[in-house]
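Structural description and commentary
Spelled out, the chains give:
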Amino acid sequence: MPLRLAAALLLLATATTSWFAEVATAGRVFNVSDFGAVADGRTDDSEAFLRAWTKACATPGRAAVVVPRGDYLLHPLVFRGPCKGYMEVHVRGVLRAPPGLGAFRGCREWVHFSSIDGLLVTGGGTFDGRGATAWPLNECPQKRDCKLLPTSIKLGLVRNATITGVTSLDSKFFHVTVVGSHDVRIHRVSIRAPRSSPNTDGVHIQGSSNVHVTDCAVATGDDCVSVGPGASDVVVSGVSCGPGHGISVGSLGRYPGEEDVRRLRVANCTLAGTSNGVRIKTWRGETWPTAVSGLVFEDIVMRKVRNPIIIDQEYCPYASCRESEQRPSAVRISDVKFRNIRGESATKVAVKLSCSEASPCRELELRDIDLRYVKRGVATQSRCAHVAGGVVGGTLVPPSCI
């Protein structure tokens, strides 16, 4: 373990121990075992967790729901606010979702934090979604109007929230979603699922602002981080991604009323063995004129990435696309900067900017790009379509096509 990370974890442990001593003295710690949790991995402990949450939520000041070491089976839960004080959920054990989908009728989330102002989820524990029992039931990769499987952890309508120092394992669908929320930090979270697991996005952000995803390790079967409609002022920094589909904006433009994506910064990230690096993807054929602007991708390392830099405004993942999906995308992309991106491309086309004929990309910047093909002696290439000018500078490997 790197010395800096070890020191940070020691500091976190020391601070946590001190804080627990303080809140325990004040009687604001609510241990799920005291509310009937069995922790044998077979008994449904959901009601015990909800009873502990209800007591803590009604307590003024700072209160904690504590989950000791052990194996807890939890059916779908909503930890609902508003609460009278700042809430902490300190997970030391392993929370396990029910296998399959039978327990999720009418539920699109497994653990849902809703309408809370002031939340910390931490403790070093694991949220095990047991996704392998449900992935064969996921029709979304082949079927356009599919039923979505449940997300493992959802922050819905929350403010001032942090998730740190926990692991999300094998989600049935997305691992962590941030929806309609503000001032959120996802920090030092480990997210793991196999390369073959469908739609297991690591962190998905939508309709939310001031969201920071920092120093996380994500290995999954879909996007490591995905930024959807209505996201603004998002920072993704220090993320290691791979396997997975990269760090993506989108997909956008499929549904009516989608809000704009504005002000995203992706920096100091490493992507290894992913199918994409940094990507913007919008659906063909739809007429919803969402705007994407104010994006910066900088100081990023690519290691054997298939599409290191890609704008794809011809997105349609199905083998057969509808006639309407032959029309160009209406999503408007402007003011996007790619700076200091370096490493290895697993394909010859290291930079692909495939913009919309109906709405060409504007104000793109390529600066200090150094992406070499994994096979020595073969040059990488750039390909552009419908790019209405831009700015280039510094080292450019491959040569710019804008």
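From a predicted model like this one, the values you see are computed outputs, not experimental measurements.

In terms of helices and strands, the chain carries two helices and 32 strands. Here the C-alpha atoms of the chain give a radius of gyration of 22 Å, agreeing with the 21 Å that 2.2 N^0.38 yields for 402 residues. By principal-axis analysis of the C-alpha atoms, the chain measures approximately 65 × 50 × 35 Å. Looking at the chain residue by residue over its 402 residues, the buried ones come to 52%. Taking all contacts inside the chain whose residues are at least 6 apart in sequence as the whole, residues at least 24 apart take part in 77%. Distance from the positive charge centre (48 side chains) to the negative charge centre (37 side chains) of the chain: 3 Å.

Across five bridges, the pairing between strand E15 (residues 182-187) and strand E18 (residues 209-214) is parallel. By the bridge assignment, His 182 is partnered in E18 with Ser 209. Note: E18 against strand E21 (residues 232-237), five bridges, orientation parallel. Counted as the bridge partner of His 212 is Val 235 from E21.

Once that is clear, we can look at the state of the cysteines. Among covalent bonds in proteins, the disulfide is the one between the sulfur atoms of two cysteines. By the definition in use, this model includes five disulfides. Disulfide partner of Cys 57: Cys 83, at an S-S distance of 2.1 Å. For the disulfide bridge between Cys 57 and Cys 83, the dihedral angle about the S-S bond is near -105 degrees, and by the sign convention the bridge is left-handed. Of this pair, Cys 57 sits in helix H2 (residues 46-57) while Cys 83 sits in the loop between strand E5 (77-80) and strand E6 (85-91); the two residues are 26 residues apart in sequence, bridging distant segments of the chain. The pair formed by Cys 57 and Cys 83 is uniform in burial state, with each residue classed as buried. Covalent S-S linkage joins Cys 224 and Cys 241, the inter-sulfur distance amounting to 2.1 Å. Its S-S torsion of approximately 80 degrees makes the covalent link between Cys 224 and Cys 241 right-handed.

In this section: the confidence of the model for the chain. Scored by pLDDT, the chain comes out at a mean of 93, with 91% of its residues at no less than 70. Predicted confidence for residues 5-16 stays below pLDDT 50, and this span has five contacts to residues more than four positions away or in other chains. Note on residues 21-25: pLDDT is under 50 here. Beyond four places in sequence and across chains, it has four contacts.

Per the counting criterion, the structure on display carries 15 salt bridges. One salt bridge connects Glu 139 with Lys 143, and the closest N-O pair in it is separated by 3.6 Å. By relative accessible area, Glu 139 is classed as partly exposed at 41%. With relative accessibility at 42%, the residue Lys 143 sits in the partly exposed group. The shortest N-O distance in the salt bridge between Asp 223 and Arg 279 comes to 3.0 Å. Residue Asp 223 is located in the loop between strand E19 (217-219) and strand E20 (225-227), and its partner Arg 279 is located in strand E25 (residues 278-283); the two are separated by 56 residues in the primary sequence. Here Asp 223 and Arg 279 have matching classes, each one buried. Several salt bridges converge on common partners, so that one network encompasses Asp 71, Arg 96 and Asp 128.

Quick notes on the rules
Once a new chain begins, its residue numbering starts again from 1 and follows that chain's sequence as written. Restriction of local features to residues with pLDDT of at least 70 applies here, the model being predicted, together with a cutoff of 80 or more for giving and counting side-chain atom pairs; totals for whole chains, interfaces and linings are based on all residues. Hydrogens and water are ignored here; the side-chain numbers use all heavy atoms of the structure. What counts as a helix is a DSSP run of H or I of at least four residues, what counts as a strand is a run of E of at least two, and both are numbered from the N terminus. Our radius of gyration looks at C-alpha atoms and nothing else; its globule reference is 2.2 Å times the residue count to the power 0.38. Residue exposure (1.4 Å probe, protein chains only): buried if accessible area is under 20% of the type maximum, exposed if over 50%, otherwise partly exposed. Residues count as neighbours in contact if any of their non-hydrogen atoms are within 4.5 Å of one another. Only four residue types enter the charge count: Lys and Arg as positive, Asp and Glu as negative, with His and the chain ends excluded. For charged residues, the charge sits on one atom: NZ in Lys, CZ in Arg, CG in Asp, CD in Glu. Strands are treated as partners if at least two bridges between them are detected by DSSP. Cysteine sulfur atoms that pair up within 2.5 Å are treated as a disulfide. The predictor attaches a confidence to each residue, called pLDDT, with possible values from 0 through 100. We define a salt bridge as a side-chain nitrogen of Lys or Arg found within 4 Å of a carboxyl oxygen belonging to Asp or Glu.

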